[in-house]
Amino acid sequence: MSGSETSSSDDLLIRRAQKGEPGALEDLIRRHYGLIHRWALVKTGDADDAEDVTQRVLIQLFKKLGSFRGRSSFKSWLHRITSNAAGEFHRRQGAREKAVSKWDEKQGRESAEPEVLRRIGGSEAVEVARAFFSELPERLREVFDLVELQGYTATEAAEMLVMSPSTVRVHLLRARRTLRTRIMEQHPALAEDFS
Amino acid sequence: MTDCTTQRDWILEADPEALKLNASGEHGDHLAKCPECRALVDEILGAQAALRETLDSVAPALDVEAALVRAREARRATQRRTRWQVALPLAAATLGGVLLMNRPSPVPVSGFDPATVRAAAALGLAGAGPLVRAESHQRVAVLPTENPNITVIWFME
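In this text, all values refer to a predicted model and were calculated from it rather than measured experimentally.

Peer 1: Kindly report on the overall build of chain B, identifying the contributing residues and their values.
Peer 2: A tally of helices and strands in chain B yields six helices and two strands. N-terminal to C-terminal, the α/β element order of chain B is α-α-α-α-α-α-β-β. When burial is assessed residue by residue, chain B has 31% of its 157 residues classed as buried. Considering only contacts within chain B whose residues lie at least 6 apart along the sequence, 19% involve residues at least 24 apart. As presented, chain B carries roughly 10300 Å² of accessible surface, and 59% of it is formed by carbon and sulfur atoms.

Peer 1: Got a sec to walk through the overall build of chain A? Specific residues and values, please.
Peer 2: A count of helical and extended segments in chain A gives 10 helices and zero strands. In chain A, the order of α-helices and β-strands from amino to carboxyl end is α-α-α-α-α-α-α-α-α-α. A buried classification covers 52% of the 195 residues belonging to chain A. Summarising the internal contacts of chain A: among those between residues at least 6 apart in sequence, 63% fall at separations of at least 24. When the accessible surface of chain A is summed, it comes to about 8800 Å², and 50% of that surface belongs to carbon and sulfur atoms.

Peer 1: Which residues make up the interface of chain A and chain B, and what values do they have?
Peer 2: Facing 40 residues of chain A, the contacting portion of chain B comprises 44 residues. Roughly 4100 Å² is buried in total at the junction of chain A and chain B, and carbon and sulfur atoms are behind 65% of that figure. On inspection of chain A and its partner chain B, the count reaches six salt bridges. Remark: the boundary between chain A and chain B carries 18 residue pairs in polar contact (both at pLDDT 80 or more). Those elements that provide at least two residues to the side of chain A that touches chain B are α2 (24–44), α3 (47–64), α6 (112–135), α7 (138–149) and α9 (165–185) of chain A. With 10 residues, α6 of chain A is the single largest residue contributor to the side of chain A that touches chain B.

Peer 1: I'd like a description of the packing of α2 of chain A against helix α4 (residues 74–93) of chain A, backed by residues and values.
Peer 2: All names here are of chain A. Contact geometry for α2 and α4: axes closest at 10 Å, N-to-C directions at 45°. Classed by the angle they form, the pair α2 and α4 counts as oblique. α4 is crossed by α2, and the crossing has right-handed handedness. The segment α2 lies against α4, with Leu28, His32, Leu35, Ile36, Trp39, Ala40, Lys43 and Thr44 engaging Phe74, Lys75, Leu78, His79, Thr82, Ser83, Ala86 and His90. Residue classes in the contact of α2 with α4 are distributed as eight nonpolar, six polar and two charged.

Peer 1: So what about the packing of α3 of chain A against helix α5 (residues 64–101) of chain B? Which residues, and what values?
Peer 2: Close contact between α3 of chain A and α5 of chain B brings their axes to 9 Å; oriented N to C, the two are set at 60°. In terms of axis orientation, α3 of chain A runs oblique to α5 of chain B. Considering only the axes of α3 of chain A and α5 of chain B, their crossing is right-handed. For the pair α3 of chain A and α5 of chain B, contact is made by Gln55, Leu58, Ile59, Phe62 and Lys63 of chain A and by Ala67, Leu68, Arg70, Ala71, Arg72, Ala74 and Arg75 of chain B, respectively. Its residues placed into classes, the contact of α3 of chain A with α5 of chain B shows seven nonpolar, one polar and four charged.

Peer 1: Give me the lowdown on the nonpolar core, citing residues and values where you can.
Peer 2: Core analysis: the biggest nonpolar cluster contains 78 residues, and Leu65 and Phe132 of chain A together with Ile11 and Leu51 of chain B have the highest contact counts within it. Per-element tally for this core: the top contributor is α2 of chain A, with 11 residues. The residues touching Phe132 of chain A, leaving out its near neighbours within four places in the chain, are Val42, Arg141, Phe144, Asp145 and Leu179 of chain A together with Leu51 and Leu55 of chain B.

Peer 1: Would you mind going over the packing of aromatic side chains in detail, with residue names and values included?
Peer 2: Residue and element names in this part refer to chain A. Under the criterion given, the structure shown has five aromatic pairs over all chains. Between Phe68 and Trp77 the ring centres are 4.9 Å apart and the planes differ by 50°, which places this aromatic pair in the tilted class. When its relative accessible area of 13% is taken as the criterion, Trp77 is described as buried. Ring plane angle 50° and centroid distance 6.2 Å describe the contact between Phe132 and Phe144, whose orientation is recorded as tilted. Of the two residues, Phe132 is situated in helix α6 and Phe144 in helix α7; the sequence distance between them amounts to 12 residues. The two residues Phe132 and Phe144 agree in class, both being buried. Each residue in the set Phe68, Phe74 and Trp77 is aromatic and connected to the rest through ring pairs, giving one cluster.

Definitions and limits used
- Residues numbered from 1 in each chain as written.
- Chains lettered and ligands numbered in written order.
- Predicted model: local features only at pLDDT ≥ 70, side-chain atom pairs only at ≥ 80, totals over all residues.
- Heavy atoms only, no water.
- Helix = DSSP H or I, 4+ residues; strand = E, 2+ residues; numbered from the N terminus.
- Buried < 20%, exposed > 50% of the residue type's maximum accessible area, 1.4 Å probe, protein only.
- Contact = heavy atoms within 4.5 Å.
- Areas by Shrake-Rupley, 256 points an atom, 1.4 Å probe, with all protein chains shown as cover.
- Buried area = accessible area lost by both parts, 1.4 Å probe.
- Salt bridge = Lys/Arg side-chain N within 4 Å of Asp/Glu carboxyl O.
- Polar contact = N/O pair within 3.5 Å; in protein donor to acceptor, adjacent residues only side chain to side chain.
- Axes fitted to C-alpha atoms, helices over the stretch in contact; angles between N-to-C directions.
- Parallel < 35°, antiparallel > 145°, perpendicular 65-115°, else oblique.
- Left-handed = near helix turned anticlockwise from the far one by under 90°.
- Nonpolar A, V, L, I, M, F, W, Y, C, P; charged D, E, K, R; others polar.
- Core = buried A, V, L, I, M, F, W, Y, C linked by side-chain atoms within 4.5 Å.
- Phe/Tyr/Trp six-rings, centres within 6.5 Å; stacked < 30°, edge-to-face > 60°.

In structure tokens form, the structure reads like this:
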């Protein structure tokens with residue numbers, strides 16, 4: 001399904017949900033559930049916290065979809081709701097440091113999440129994910145994920161993150177440099193060639 | 001490897017598409033003939049692909065249908081709480097209003113004879129104090145007229 005097809009069928013579902021048609025809001029949520037969780041994971045840096053934030057977003061959707069007027073795209077609006085929910089979660093939990101340390105802690109024990117990471121991506125994936133969450137501040141993580149990994153344009157990401165496209169580009173370059181430097185450091189033989 | 005060192009800044013910030021093997025231009029030419037830089041770029045691209053795959057694969061532990069049930073429940077609980085938050089002050093205000101309406105006349109009873117108090121109450125002057133005072137031996141008749149602004153009061157010996 002292309003982006004515009006997704007967008008137009010989103011619009012249809014939103015209109016139906018706003019008219020109170022049973023099941024329309026649920027269909028909309030089913031369609032974006034994974035994406036909300038992905039954004040929440042990138043923001044919080046922790047799979048459990050991401051679950052919590054995702055749940056809050058769903059509640060907000062039940063509450064606020066009626067007020068969506070389409071002034072921005074639905075995805076931008078949804079991303080902002082996710083950001084706000086994560087912000088509120090951070091405030092309550094006492095925040096980002098905890099998320100990073102929890103991520104580190106989880107790498108060292110046999111919990112379900114690192115198992116998933118190892119099984120799918122191998123140790124390299126775990127290492128790069130660890131660098132992604134511990135080396136990049138939240139804003140840089142979001143930009144890197146949206147543009148570099150999910151393929152949004154800088155303009156689309158800027159609308160989602162409520163910042164200018166040029167700021168998005170600056171953040172993206174900084175994120176790339178930080179992450180790639182870390183990747184290089186993990187392979188000293190490659191780094192030596194440049195010293 | 002001075003040339004490689006100069007390429008390093010570019011490699012660290014370049015768009016992934018530009019890093020790919022068939023990229024054109026000065027940087028592409030360098031990558032095509034330098035195995036060390038090529039190895040570094042491959043490592044970076046591989047790591048980024050692994051990161052993408054990893055993040056794509058971390059699905060929520062809670063099934064969407066279960067999440068919907070929870071969200072609906074939480075929403076209902078919030079609505080119930082909101083209703084109570086509205087209903088309780090409303091009930092308190094109503095109770096306060098009833099108590100206020102049924103309170104005893106604020107006209108001070110002591111110091112005035114009952115006829116004076118009744119006259120003041122009939123004139124709707126409760127709380128403001130009596131405008132007229134009957135002597136202790138007098139009887140008072142309060143006669144309302146058709147004009148609500150006029151009340152006739154007789155003081156009888």
